[in-house]
Amino acid sequence: MKKNLGQDAIYDARELGVPRMLVLGLQHLFAMFGATVLVPILVTKYGLPLSIQTTLLFAGLGTLLFHLCTKLKVPAFLGSSFAFLGGFEAVASLDVGKFAGMSGEEKLPYALGGIVVAGALYLILALLFKLVGPQKVMRFFPPIVTGPIIILIGLNLSGSAIANASTCWWLALVAIAIIVVANIWGKGMVKIIPILLGVVGSYIVALIAGKVDFTEVGGANFVGLQHFVLAKFDLTAILVMAPIAIAAMMEHIGDMSAISSTTGKNFIADPGLHRTLLGDGLATMVAGMFGGPANTTYGENTGVLALSRVYDPRVIRLAALYAIILSFSPKFDALVNSIPTAIVGGVSFILYGMISAVGVRNVVENKVDLTKSRNLIIAAVIFVSGLGFSSTGGITFTVGGADVTLTGLAIAALAGVILNAILPGNDYEFGTNPEGDQNRGIHA
């Protein structure tokens, strides 16, 4: 029986033929592209020279590794995680102990080391899920903890969005307007790729206005190897990055629920949440070890699954191969880096606000009872710790002769988890509210 693309569910894309499979893979590349390259652009603006080529390479390789870990069953694409942007900015701002006087290039390996450890935490959680089950583990990470932490990630980044946008407000507003129009009034694929459209649309306007500098683009080669950076490990940087894994893991679980709902297959049961976390964690560790940002499952590509109704993981793996091929072009890297700072500011203006809004949604859709004193206290301590300590540079102390700094976000995450564990009345049970569990992803 002949099936209609976009109307009938298709679990084996080979019945569509090779040409259509190749085009479907390209569509998934477009969906992930804007958000994935935006992360190294933003991190570079913080002063840490994260490579776009390397980011694309490990997005592709990470996706393929994830598929191997999940028995080639889960149609998920892994791209750059927005959740760790706050950690990158915090590392870039460190100016105490060994980090005093360091350049951004010297700090980057330590930020990457923190990402490797964050990925290792995924593996620990995957083992716990396998041994004791998700219900018992998730009691330590309820929405009253994860929601405010996600809100803090966005709020702590808001200053850099304003600083970048203020370099040319009218251009930033063009980017904002395109994203809003595409996301609210767009149909089909347009609604799924608002970030990409916002960047491309405002870039064209900047070209017309003569605000794009092509100096670096002209001197770059069309083909060349990626720039690898080996991770280094320091307790301060680890304590900056590792707590963010709490929010990222919630994002992962939400995305797995969303993909299961979209495709009509329960991937949390088969191949199992422990396997999907294992794949995500290993992909993040490999990327961090050699110069890429943390990976995460992408809600944008789940949207493409819903749009096309083609649920074959082979199509996702094609997109991963496209990303790997694209990563071998320094000229493409230079072209993306020619995007004016104001456009980056406009896009991040919306993006950072949406990160915080996802945190609010996390609290609302899980029906967190804020009339309970314990919940109010946990939220209050997280917010004041996260914002207050960030404004003072965190807490610095000495361990074994080395200076260790806890940033505001790290303090907030630790305080939230500890308070939730010791205060009576924790009634959260994972799985009782599928809608709340599903809608956790920053990329959703």
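Tallied over the entire structure, the rule returns six salt bridges. Among the ionic pairs, Asp 12 bridges to Arg 14, the shortest N-O distance being 3.0 Å. Looking at Asp 12, the relative accessible area reads 26%, which means it is partly exposed. Lys 73 serves as the salt-bridge partner of Asp 270, at 2.9 Å between the closest nitrogen and oxygen. Of this pair, Asp 270 sits in helix α13 (residues 268-290) while Lys 73 sits in the loop between α2 (52-69) and β1 (78-80), and the two are 197 residues apart along the sequence. Residue classification places Asp 270 among the partly exposed residues on the basis of a relative accessible area of 39%. Through salt bridges with shared partners, one network takes in Asp 12, Arg 14, Asp 312 and Arg 314.

What the rule picks out here adds up to six aromatic pairs. On the basis of an interplanar angle of 75° and a centroid distance of 6.2 Å, the ring pair of Phe 58 and Phe 228 is categorised as edge-to-face. Of this pair, Phe 58 sits in helix α2 while Phe 228 sits in the loop between α10 (215-219) and α11 (235-241), and the two are 170 residues apart along the sequence. Judged by relative accessible area, Phe 58 falls into the buried class, the value being 5%. Exposure remark for Phe 228: the relative accessible area of 43% places this residue in the partly exposed category.

For the rest of this paragraph, the subject is the nonpolar core. In this structure, Tyr 46, Phe 82, Phe 84, Leu 85, Phe 88 and Tyr 352 are the most contacted members of the largest nonpolar core, which totals 122 residues. Here this core takes twelve residues from helix α1 (residues 18-46), the largest share from any one element. Excluding residues within four positions of it along the chain, Phe 88 makes contact with Val 43, Tyr 46, Leu 48, Leu 50, Leu 108, Ala 111, Ile 115, Met 241 and Pro 293. In terms of nonpolar packing, the next biggest core, distinct from the first, is built from eight residues, Ala 13, Leu 16, Met 21 and Leu 318 among them.

Extensive coverage of helix α14 (residues 299-308) is indicated by the burial of seven of its ten residues. In the core, the buried residues of α14 are packed alongside α1, α8 (189-192), α12 (244-263) and β2 (295-297). Immediately downstream of α14, the backbone of Arg 309 shows phi near 60°, a positive value.

Right, let's get into the packing of α12 against α14. Remark: α12 packs on α14, axes separated minimally by 10 Å, with the N-to-C direction vectors making an angle of 5°. Considering the angle they form, α12 stands roughly parallel to α14. Listed contacts from α14 to Asp 255, Ala 258, Ile 259, Thr 262 and Thr 263 of α12 are Gly 299, Thr 302, Leu 305 and Ala 306. Looking at the contact of α12 with α14 residue by residue, the class counts come to four nonpolar, four polar and one charged.

This part covers the side chain of Asn 375. Take Asn 375: it is sitting in helix α18 (residues 373-392). A polar atom in the side chain of Asn 375 sits 2.8 Å from the backbone oxygen of Asp 369. Excluding its chain neighbours within four sequence positions, the residues that come into contact with Asn 375 are Ile 144, Val 368, Asp 369 and Leu 370.

The subject of this paragraph is unusual backbone geometry. Here Asp 270 and Pro 271 are connected by a cis peptide whose omega angle stands at 15°. Topologically, Pro 271 is positioned in helix α13. Here Lys 71, not a glycine, exhibits a phi torsion of approximately 60°, which is positive. By the secondary structure assignment, Lys 71 is in the loop between α2 and β1.

Quick notes on the rules
- Residues numbered from 1 in each chain as written.
- Predicted model: local features only at pLDDT ≥ 70, side-chain atom pairs only at ≥ 80, totals over all residues.
- Heavy atoms only, no water.
- Salt bridge = Lys/Arg side-chain N within 4 Å of Asp/Glu carboxyl O.
- Buried < 20%, exposed > 50% of the residue type's maximum accessible area, 1.4 Å probe, protein only.
- Helix = DSSP H or I, 4+ residues; strand = E, 2+ residues; numbered from the N terminus.
- Phe/Tyr/Trp six-rings, centres within 6.5 Å; stacked < 30°, edge-to-face > 60°.
- Core = buried A, V, L, I, M, F, W, Y, C linked by side-chain atoms within 4.5 Å.
- Contact = heavy atoms within 4.5 Å.
- Axes fitted to C-alpha atoms, helices over the stretch in contact; angles between N-to-C directions.
- Parallel < 35°, antiparallel > 145°, perpendicular 65-115°, else oblique.
- Nonpolar A, V, L, I, M, F, W, Y, C, P; charged D, E, K, R; others polar.
- Polar contact = N/O pair within 3.5 Å; in protein donor to acceptor, adjacent residues only side chain to side chain.

Everything listed is a geometric property; what it means functionally is a separate question.
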